[in-house]
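Chain and residue survey
As a plain string of letters, each chain reads:
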Amino acid sequence: MNSQTRLKLTLYAAAFLSVVTLLSIYSKMEGVATASIAGIMTILSAYIWSQTTRPSKDEYTHKNTRKQTTSKNSVPATFNRRSHTVMEK
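We now examine the overall build of the protein chain. Regarding its fold elements, the protein chain presents 3 helices and 2 strands. Shown N-terminal to C-terminal, the secondary structure of the protein chain runs as helices and strands in the order α-α-α-β-β. Buried positions account for 11% of the 89 residues belonging to the protein chain. Summarising the internal contacts of the protein chain: among those between residues at least 6 apart in sequence, 38% fall at separations of at least 24. Of the roughly 8,300 Å² of accessible surface on the protein chain, a fraction of 61% belongs to carbon and sulfur atoms.

So this is what it looks like as structure tokens:
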């Protein structure tokens, strides 16, 4: 599916759900209106997600692997928290 077709489908679905929302507000059916608004938000977020470019699983693997660093405030394993003294080995 190309992006022009995806955009058209998104706009048609958003327009349909907008009409359903307005009709349900006019008919005092708040539950249907809430569901329609949630559907509009879902469609728009799915469209945005589909338009983002993501690397494949094998692309950039050697650039994104970093050695994990420890925090400056980490407590050493030999530190006893209850007595605040270093445990003897």
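Over its 24 residues, helix α1 (residues 3-26) runs 34 Å from end to end, which matches the ideal 34 Å to within 8%, given 1.5 Å per residue. Buried residues of α1: Thr10, Ala14, Leu17, Thr21 and Ser24, and no others. Against α2 (30-51) lie the buried residues of α1. Looking one or two places after α1, you find Lys28, whose phi comes out positive at around 60 degrees.

Checked against the element boundaries, Thr21 lands in helix α1. Overall, the relative accessible area of 7% leaves Thr21 in the buried class. With residues near it in sequence (within four places) discarded, Thr21 still touches Ala33, Ser36, Ile37 and Ile40.

By the secondary structure assignment, Ser36 is in helix α2. Once you skip the residues sitting within four places of it in the chain, Ser36 turns out to touch Leu17, Val20 and Thr21.

Thresholds, definitions, all that
- Residues numbered from 1 in each chain as written.
- Predicted model: local features only at pLDDT ≥ 70, side-chain atom pairs only at ≥ 80, totals over all residues.
- Heavy atoms only, no water.
- Helix = DSSP H or I, 4+ residues; strand = E, 2+ residues; numbered from the N terminus.
- Buried < 20%, exposed > 50% of the residue type's maximum accessible area, 1.4 Å probe, protein only.
- Contact = heavy atoms within 4.5 Å.
- Areas by Shrake-Rupley, 256 points an atom, 1.4 Å probe, with all protein chains shown as cover.
- Expected span 1.5 Å × (residues − 1).

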